[in-house]
Amino acid sequence: MEIPWVIEEPTKIKHELLRQYIAAWMKILFSTNKNYGRPQLVTYIDGFCGPGEYYCDTTKASKCAGSPVLVANIANDLILADRQREVAILCIDENKKCVESLQSILNGINTNNQYWQVYHGDFEQQINTILDEIDTKAIKDYPMFFFVDPFGYSGFPMQTLKRILSYPRSEIFINYMVYDVVRFWEQDHAEQSMLELFGTEEYKDVDKTQDAEQRQLFFMNLYCKNLREIAKSRYVMPFRINTPGQGVRPRYYLIHASQHSKALKVMKDNMARVSDVEYRFEAIGVKTTQMSLFEDPGKVDLRNRIKDYCKEQGTISYDEIEEWAYANTNGMGKTIKEALMQLEQEGLIEIQRKPRQKNNTVTTGAQIKFIGE
Ligand SMILES: C[S@@+](CC[C@H](N)C(=O)[O-])C[C@H]1O[C@@H](n2cnc3c(N)ncnc32)[C@H](O)[C@@H]1O
């Protein structure tokens, strides 16, 4: 493979989301740690890191940064603003040329003397060695962000994701190539990889009589379910990357798995910010049994989902509804509030606001009571 290679369009969008999320993530975690008097230390681990730079287009006239370099640049800016901050960056790639290229770029921009190291080898093997080392150090209790961005569906077993998610403040961003899973799941050579990917044999239960769209939905649901049930991720949010001409069958999804509702909220809010471009991200509302994968998220009836939830709960706080809706629907701050206001106008719920809260909004502190049918 030629290094660097020409970047693909969807990768640019993936990078935009990563850039925005990581910047917000670091700022929040630095200030939380500072407020609690803890060291301002975060770790970014790029499991399939690539060469660190790409040609921006086929003219090869200019170069764009790869994922670890984007993160390193953000780290530099934030460390310049406060010298107490530390960002460890650990990268893995099985391609020696990628390792050499990236290490040299990182060395060139490591102006704040941080631990920025590129490891050569297979992800599965290297990450477990790195985690054995992390287990002996204090950083295991500090925030760690893992980016898992392989070329295909193999090499990042569910059991390894489980180990990563067992750290109290870890989160993972996975590039899940579901299109390839649909294409190759039945082939003998893919069996071991599929077993590792899903962590169970359940993937074989896919209904072969169904069309490719439905099989894709099955493999998406199963993967997200297993991230929750096997890898023990509390919050799992898939983002569909819409590819023009590809309709409802995109090549891949970016899946965010985390243990904190705040992490999910920041990720979803940033997704919304970068979504008005050609290759869009969409949060796929996750229902208990099935994701609304093929519904146009703009048309998903958030109001009905929230109404049903309020009915189920009787009386519930605004924060609880917001947390539930972030994790289970396409809703976000503004749209969740709008749905609640509409339900209030329809006389289906009563919003009990705190004394100084305005009537034309609903926010933290308010209690919601279902009073409709
Ligand atoms: C999609 S590229 C990574 C792009 C990079 N994350 C970015 O956004 O700039 C995938 C990389 O994974 C590497 N790779 C593939 N299989 C691997 C494995 N089993 N372990 C480690 N690296 C692997 C490839 O050499 C390639 O550089």
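Given the structure is predicted, the values throughout are model-derived calculations rather than measurements. (Residues numbered from 1 in each chain as written. Predicted model: local features only at pLDDT ≥ 70, side-chain atom pairs only at ≥ 80, totals over all residues. Heavy atoms only, no water.)

**Q** Run through the nonpolar core, naming residues and quoting values.
**A** Looking at soluble globular proteins, one finds that nonpolar side chains tend to be buried together. Ranked by internal contacts, the top residues of the largest apolar core, which has 67 residues, are I22, M26, F145, I306, L340 and I368. If you tally residues by element for this core, the top one is helix α1 (residues 9–35), at 9 residues. Three or more residues apiece are contributed to this core by two domains, here domain 1 (9–298) and domain 2 (301–370). Beyond its immediate stretch of four places on either side in the chain, M26 contacts V42, V71, I74, A75, L78 and V87. In terms of nonpolar packing, the next biggest core, distinct from the first, is built from 48 residues, F146, Y176, Y253 and A257 among them. (Core = buried A, V, L, I, M, F, W, Y, C linked by side-chain atoms within 4.5 Å. Buried < 20%, exposed > 50% of the residue type's maximum accessible area, 1.4 Å probe, protein only. Helix = DSSP H or I, 4+ residues; strand = E, 2+ residues; numbered from the N terminus. Domains from an automatic or database assignment. Contact = heavy atoms within 4.5 Å.)

**Q** Describe the packing of aromatic side chains, naming the residues involved and giving the relevant values.
**A** The full count for this structure, using the stated rule, is 18 aromatic pairs. Ring centres of Y309 and W324 lie 4.0 Å apart, and the angle between their planes is 5°; this geometry places the pair in the stacked category. With Y309 in helix α10 (residues 302–313) and W324 in helix α11 (residues 318–328), this residue pair connects regions lying 15 residues apart in the sequence. We note that Y309, like W324, is buried. Grouping aromatic residues by their ring pairs yields a cluster made of Y176, W185, F198, Y203, F218, F219 and Y223. (Phe/Tyr/Trp six-rings, centres within 6.5 Å; stacked < 30°, edge-to-face > 60°.)

**Q** Which residues make up the sheet that holds strand β12 (residues 349–352), and what are the values?
**A** Whether parallel or antiparallel, the strands of a sheet pair through hydrogen bonds between backbone atoms. Taken in spatial order, the 3 strands make up an open sheet running β11-β13-β12, and their pairing is antiparallel. The open sheet has two free edges, formed respectively by β11 (315–317) and β12, since each of these has just one partner strand. Strand-to-strand twist across the sheet, computed as the mean angle between neighbouring axes with direction ignored, equals 20°. Strand contacts of α11: β11 and β13 (367–370), with the helix running at about 80° to β11, the strand carrying the most contacts. (Pairing = 2+ DSSP bridges. Axes fitted to C-alpha atoms, helices over the stretch in contact; angles between N-to-C directions.)

**Q** So what's going on with the site of the ligand? Which residues, and what values?
**A** The full set close to the ligand counts 20 residues, and H15, Y54, D93, F123 and D149 are the nearest of them. Residue S67 places a main-chain N or O atom 2.9 Å away from an oxygen atom belonging to the ligand. In terms of residue class, the shell around the ligand is made up of 9 nonpolar, 6 polar and 5 charged. (Near = heavy atom within 4 Å. Polar contact = N/O pair within 3.5 Å; in protein donor to acceptor, adjacent residues only side chain to side chain. Nonpolar A, V, L, I, M, F, W, Y, C, P; charged D, E, K, R; others polar.)

**Q** Quick rundown of the state of the cysteines? Include the residues and the values.
**A** One pass over the full model with this rule turns up 1 disulfide. The disulfide that involves C56 links it to C64, with 2.3 Å between the sulfurs. The thiol of C98 is not disulfide-bonded; the next cysteine sulfur, from C49, is found 6.7 Å away. Given a relative accessible area of 1%, C98 falls into the buried group. (Disulfide = S-S within 2.5 Å.)

**Q** Any chance you could break down unusual backbone geometry for me, citing the residues and the numbers?
**A** The peptide bond linking I3 to P4 adopts the cis configuration, its omega dihedral lying at -5°. Relative to the assigned elements, P4 resides in the segment before α1. In the Ramachandran plot, N113 falls in the positive-phi region, its phi being about 55° despite a non-glycine side chain. Along the chain, the position of N113 falls in the loop between α3 (96–109) and β5 (116–120). What makes N113 exposed here is its relative accessible area of 73%. Phi at K232 is positive, roughly 60°, even though this residue is not glycine. Considering the arrangement of structural elements, one finds K232 in the loop between α8 (212–229) and β8 (235–241).

**Q** How would you explain the side chain of R303 if you had to name every residue and give the values?
**A** Structurally, the position occupied by R303 is in helix α10. Separated by 2.6 Å, the side chains of R303 and E346 make a polar contact.

**Q** Let's hear about the pairing of β8: which residues, and what values?
**A** Where burial is concerned, most of β8 is hidden: 7 out of the 7 residues are buried. Burial along β8 is two-sided: Y235, M237, F239 and I241 facing one way and V236, P238 and R240 facing the other are all buried. Sheet analysis places β8 next to strand β9 (residues 253–258), joined by 6 bridges and oriented antiparallel. The residue of β9 that forms the bridge with V236 is A257.

Keep in mind these values describe shape, not function.
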